[in-house]
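# Descriptive structure summary
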Amino acid sequence: MNPSAYFTSSIALKTLSVLAKARVVVEGKENVLSAGPSIYAVNHFTCLETLLFPLWLHQLSGNPVFSLAARELFEGGLKAFFDLAGVVSTEDPARDGKIIRSLVTGEADWIVFPEGQMVYDKKIMSAGQYSIVGSNGEHEPHPGAAMLTMRAELFRSYLRGVMEKEPEQLPGLLQQFGIEKETEISRRRISVVPVNITCYPLRAARRIESNLMQRFIHGAPDKVMSEVLAESASLFAGMDVTIRFGRPIRASEYVDESWLLDLPAGRNLNFQLAEHYLPAVKNVAKEFRQHYMEAVYTSVCVNTDSLLATLLRLTPRERISEDQMCRRLLYLMPGLRKLGRRRLFLHHTFRKSQFHLVTDDRFQRVFNFYTLCEEQGVIERHGGYLYKKAEMLSSPFNGRYGKRDNPVEIMANEVEPLAALQRFVRRVAAMPDFVVNFRLARQLVHEQTKIYRKARKRSGRKVESEVALNGSPQCLPGVRRIGLLLIHSYLAVPAEMAGLAKFLRRHGYPVYVVRLPGHGTSVRDLIGRRYEEWVEAVEAGYAIVNCMARDVVVCGAGVGGSLALELASRVKKAAGVFAICPPFELSDYSNKFMPEPDAWRQLLARFVRSGSSSEMMEFSPGNPWINYHWNPVTGIAEVGRLLTDIRSCYRKIEQPVVILQSDYNPVVRPQGSLELYEWLNSQKKEFCTVSEDNHVLVDSDDPSRIFRKILAFLGEVSAQKREERKKKEEDSKNR
């Protein structure tokens, strides 16, 4: 091995790594630093692991890192690079001696792919056992990494023992093993470090004409060049690469010093054991291999693609609703987090809210997966349903071109070793739709109620008792196919909408009244809240109502109406919006809500200078049982930011909309609501006024007129939806 050549060759890899747009996330770094001389057992899916992983590992450990590569790669430009970088061919007759000697001396760490070959389809399980399908049929993974690590640790501990007990014999032994000085013998035990590399999203990459990459592999066999160029497309296009290092597995736990008896005679032993001990060594090596193989493949990073592919594979029906697929995925999330406490690793995106799966799919994770499935012929999509082709999820794999031909099967294969996950997903996939809807709604209602109780507990003595009694979100099931999501106004609580909710429930409509974070506890809890938290709570409410009803109408008062319009601009499946006294901009508010413009600017400037977030102004509530008595400056600022940010959303709203305003609204200027109405792009929109001097019309002394107007709107939306479905069925028959 030539360390100077190794560091020289790393310059090319550093250049390649900088140009690549892959987002590399490394977890378990502490396991690298504590490992000592090690063989890193890495799952093998692409050629790029052979090229880039040694650099990533070297940057972590600071040690030279050598690796093994298939003989077919040692041609053209890759051969020159491999010779410099210390890459050894798997068919090199001196391979084992080089690896063991460098481990015993701590000269370098090694990367070994325990499958013994590149696993193009990530299929490493058969009948519950680790198994590889290659050109010679199905076989167990090779125990080579285990054998090498055990032999290295056996001879390292043997030489350390001789150094301490019989130092006069050490020079002769060092000469026999090809080691120059006794100080080269490592003091640290040798280990296998399991490593899992997960790439997400996995897509059928198009070939890119990268001059750098082509020069790098110039002269390589055509099939290797084609594969590396195709894989580098994903690398340069940008993907998440999660590298997880498991705990080091010490070889000393498996070795038996009696294996050193009867060492072969000869000047250079090359770290060989007597042949009659080899059967026993191989049996122990299989146990060792099982240990690190399980650690490698159960460390896979579970992501949206792998979950959707597994759901699709395990669903017993050939037809499934697209919406139901998303609901099942959302239903899986809490269970996955519980499994995550017992060694299940989730992609970092799962740490954030997943309500987008059933609302607007704004990150296009579901859309991209469905598109890929269609392109690969795994599914067909008609009328909101997926029609899957089961044979495409379990068909014979097409070697190295499988990544292009059937990446969906690869996504499902990747998480197959996770037995607990497989059982959980299989159970959810087999559930009838109504069971999933019921359980998901119950699960989400429980989560939102739990969030509210935690917020109340966190507020402690500062809880405003009158408001807190009415602060819990409310869920009222119904029998109709249209459900209502109700959103209370700023500084209020869900009880503000209680009269309307009960009225709608009596008419058979399922209703959920959302609680906006910071409300229903104490005004101190509202300080520091961001409007994005309110948007997330509204999305949770939409998901709940969508489980109880086929279509969802969103109704909100004041800022709640603004949030309803914001949701409708993104969620095209929302059936309609009924907004009560929504403001268009912050200046629409009267001085009952906020100071005059000059005073507001002075207050805001004082807030910025002091850096204090506790500035408040007194608020005269319309109903002391449901409103805070104080209005925080930070809250007013968030309302202003919300109204500014969603102004462009109004043009995107196409659903039926009714905006209701009172002629003598004491809080929001009626002209502002009219301006908002004019911004709407909906073909069916209506602006209505009533002779009232109330802001929250659904909580007035006689809200019956408002309730009847909302009921009439629901009837119109219901009729429109029936016509749309009837037309869709006719189009489907004609097709």
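Our subject is the structure listed above.
Computed from a predicted structure; not experimentally measured.

Before going further, it helps to spend a moment on the packing of aromatic side chains. Enumeration over the complete set of coordinates arrives at 12 aromatic pairs. Relative to Phe245, the ring of Tyr40 lies with its centre 6.0 Å away and its plane at 85 degrees, an arrangement referred to as edge-to-face. Separated by 205 residues along the polypeptide, Tyr40 in strand β2 (residues 38-42) and Phe245 in strand β11 (residues 240-245) bring together distant segments of the chain. Judged on exposure class, the residue Tyr40 and its partner Phe245 are both buried. A centroid spacing of 5.7 Å and a plane angle of 65 degrees characterise the contact between Phe66 and Trp110, whose relative ring orientation is edge-to-face. Here the residue Phe66 occupies a position in strand β3 (residues 65-69), and Trp110 occupies one in strand β5 (residues 109-112), the gap between them amounting to 44 residues.

The next thing to look at is the sheet that holds strand β17 (residues 385-388). Reading across from one edge, β14-β17-β16 is the order of the three strands in this open sheet, with antiparallel pairing throughout. Edge positions in the sheet fall to β14 (319-321) and β16 (379-382), since each has one partner strand and no second. Across the sheet, the axes of successive neighbouring strands diverge by a mean angle of 25 degrees, strand direction being ignored. Examined bridge by bridge, β14 and β17 share three bridges and lie antiparallel to one another. Bridge assignment links Ser321 to a residue of β17, and that residue is Tyr385.

A few words on the pattern of salt bridges. The full count for this structure, using the stated rule, is 29 salt bridges. Between Glu153 and Arg156 there is a salt bridge, and its shortest N-O distance comes to 3.0 Å. On the criterion of helical spacing, the pair formed by Glu153 and Arg156 is a turn pair, its members being three residues apart in helix α6 (residues 144-165). The pair Glu153 / Arg156 is uniform in exposure class, with both members buried. Residue Asp551 pairs with Arg725 through a salt bridge whose shortest N-O separation is 2.7 Å. You can see Asp551 sitting in strand β21 (residues 551-557) and its partner Arg725 sitting in helix α26 (residues 704-734), a full 174 residues away along the chain. Residue Arg725 is classed as partly exposed on the basis of its relative accessible area, which comes to 25%. Several salt bridges converge on common partners, so that one network encompasses Asp360, Arg362, Glu539, Glu566 and Arg570.

About the criteria used
- Residues numbered from 1 in each chain as written.
- Predicted model: local features only at pLDDT ≥ 70, side-chain atom pairs only at ≥ 80, totals over all residues.
- Heavy atoms only, no water.
- Phe/Tyr/Trp six-rings, centres within 6.5 Å; stacked < 30°, edge-to-face > 60°.
- Helix = DSSP H or I, 4+ residues; strand = E, 2+ residues; numbered from the N terminus.
- Buried < 20%, exposed > 50% of the residue type's maximum accessible area, 1.4 Å probe, protein only.
- Pairing = 2+ DSSP bridges.
- Axes fitted to C-alpha atoms, helices over the stretch in contact; angles between N-to-C directions.
- Salt bridge = Lys/Arg side-chain N within 4 Å of Asp/Glu carboxyl O.

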